[in-house]
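Take a look at the letters that make up each chain.
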Amino acid sequence: MSASVHEPISDDQVENYAKAKVWAVTDETRLKRFLCLGTEGGTYQTEELDLTIENCNALLTLIDSQQGPNAVNIIKEFSHENHAAKQDAIIFALAFCAHQKDVKTRQAAYAVLSDVCRTSTHLFSFIDLAERLSTQPNSGDGPPKSSTGWGRAQRRAIAKWY
């Protein structure tokens, strides 16, 4: 007797993009998966952009629940321990954290910038992402920001890197 993937075998299962039943994961687990795997190319069921947005929402949930500095520590850990084949998702997540309204998250992100961005290529990727993120809505509330991404905290963090 085999069970269909569309029928739950447990009450704590949720439906995924393919309408199959899977176990739910925490936002921290989703962040770790994102840092390790990234979203390049998407998955069989999900487009790359949708997957990136879903992972950003998990990161926002962590930040909104006052776990932003913990998320930044996870980002630093994944970078230092080489848990990812590429640094792209790690640098994106750090830039994302550096441009949130939560001050503790921003401070934590800029504090570990030189630890995560160890090469000039990494630093320039961070700067590019930070500039792009600065023109996006911040945490989904209010009108889009129209800054350059070069606030005092970023200027200090970049100067410290050099």
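Report on the accompanying structure. (Residues numbered from 1 in each chain as written. Predicted model: local features only at pLDDT ≥ 70, side-chain atom pairs only at ≥ 80, totals over all residues. Heavy atoms only, no water.)

## Overview of the nonpolar core
Membership of the largest hydrophobic core comes to 39 residues, with the highest contact counts inside it found for Leu35, Leu59, Leu94, Leu113 and Phe126. Going through the elements one at a time, helix 1 (27-37), helix 2 (48-64), helix 3 (68-80), helix 4 (88-98), helix 5 (103-111), helix 6 (113-116), helix 7 (120-133) and helix 8 (152-161) are the ones with two or more residues in this core. Ranked by the residues each element gives to this core, the list is headed by helix 4, at 10 residues. Setting aside its immediate chain neighbours within four residues, Leu35 contacts Ile74, Ile75, Phe78, Ala84, Ala89, Ile90 and Ala93. (Core = buried A, V, L, I, M, F, W, Y, C linked by side-chain atoms within 4.5 Å. Buried < 20%, exposed > 50% of the residue type's maximum accessible area, 1.4 Å probe, protein only. Helix = DSSP H or I, 4+ residues; strand = E, 2+ residues; numbered from the N terminus. Contact = heavy atoms within 4.5 Å.)

## Details of the packing of aromatic side chains
Any two aromatic rings considered together are summarised by their centre-to-centre distance and by the angle between their planes. In total, this model carries four aromatic pairs according to the counting rule given. A ring pair is formed by Phe34 and Phe92, whose centres lie 6.2 Å apart and whose planes are at 80°; its orientation type is edge-to-face. Of this pair, Phe34 sits in helix 1 while Phe92 sits in helix 4, and the two are 58 residues apart along the sequence. Across the pair, Phe92 and Phe34 agree in class, each one buried. Relative to Phe126, the ring of Tyr110 lies with its centre 6.3 Å away and its plane at 80°, an arrangement referred to as edge-to-face. With a gap of 16 residues between them, Tyr110 in helix 5 and Phe126 in helix 7 connect regions that are remote in the sequence. Grouping residues by exposure puts Tyr110 and Phe126 together as buried. Put simply, the rings of Phe34, Phe92 and Phe96 touch in pairs and so form one group of aromatic residues. (Phe/Tyr/Trp six-rings, centres within 6.5 Å; stacked < 30°, edge-to-face > 60°.)

## Notes on the packing of helix 4 against helix 5
Axes are the key here: two packed helices are described by the angle between their axes and the distance separating the axes. Closest axis-to-axis distance for the helix 4/helix 5 pair is 7 Å, and the angle between their directions is 135°. As summarised for this structure, helix 4 and helix 5 are arranged oblique, according to the angle between their axes. Along this stretch, helix 4 crosses helix 5, giving a crossing that reads as left-handed. Where helix 4 abuts helix 5, its residues Leu94, Cys97 and Ala98 lie against Thr105, Arg106, Ala109 and Tyr110. In the contact of helix 4 with helix 5, the residues fall into five nonpolar, one polar and one charged. (Axes fitted to C-alpha atoms, helices over the stretch in contact; angles between N-to-C directions. Parallel < 35°, antiparallel > 145°, perpendicular 65-115°, else oblique. Left-handed = near helix turned anticlockwise from the far one by under 90°. Nonpolar A, V, L, I, M, F, W, Y, C, P; charged D, E, K, R; others polar.)

## Examining unusual backbone geometry
At Gln66, a position not held by glycine, the phi torsion is positive, near 65°. Position of Gln66 relative to the elements: it lies in the loop between helix 2 and helix 3. Positive phi outside glycine occurs at Asn82, with the angle close to 50°. Residue classification places Asn82 among the exposed residues on the basis of a relative accessible area of 54%.

None of this, on its own, says anything about what the molecule does.
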